[in-house]
Amino acid sequence: MTVKLVALWSSPTDAEAFDKDYESTHIALVQKLPGLKGAVASKALDGPYYRMAELLYDDTDGLQKSLGSPEGAALLADAGRLQENYGCKLDVLTVEEQARI
């Protein structure tokens with residue numbers, strides 16, 4: 001079973017600066033997460049969100065341990081910083097993958 005944390009970012013006040021910061025800082029923090037099986041960062045073409053990230057884990061225990069680690073704390077703190085600096089909102093879902101087609 002694959003468990004995903006899905007991060008949905010609303011539009012920032014300065015998209016160009018946000019993208020540069022997100023790509024250079026936030027993604028680097030994601031790569032340091034223990035137990036991370038994989039990750040996908042996407043930019044929306046339409047709809048209510050600006051960006052989406054999917055963090056993949058083997059199970060919910062792995063996800064919880066990862067976010068509870070010092071690296072997870074750094075990532076969560078950076079998410080707060082991005083929201084504050086760029087006026088965007090982060091919605092987070094935890095989902096269980098049901099099928100790959």
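See above for the structure.
Residues numbered from 1 in each chain as written. Predicted model: local features only at pLDDT ≥ 70, side-chain atom pairs only at ≥ 80, totals over all residues. Heavy atoms only, no water.

A. Layout of the pattern of salt bridges. Evaluation of the coordinates by the stated rule reveals eleven salt bridges. The closest approach of N and O atoms between R81 and D21, which form a salt bridge, is 2.8 Å. Note that R81 is positioned in helix 3 (residues 70-86) and D21 in helix 1 (residues 15-31), a separation of 60 residues in sequence. For R81, a relative accessible area of 27% corresponds to the partly exposed category. For D21, a relative accessible area of 12% puts it in the buried group. The salt bridge partner of R100 is E97, with a shortest N-O separation of 2.7 Å. Among the residues examined, E97 registers a relative accessible area of 22% and is labelled partly exposed. Each member of the salt-bridge network shares a partner with another, and the members are K4, E54, E97 and R100. (Salt bridge = Lys/Arg side-chain N within 4 Å of Asp/Glu carboxyl O. Helix = DSSP H or I, 4+ residues; strand = E, 2+ residues; numbered from the N terminus. Buried < 20%, exposed > 50% of the residue type's maximum accessible area, 1.4 Å probe, protein only.)

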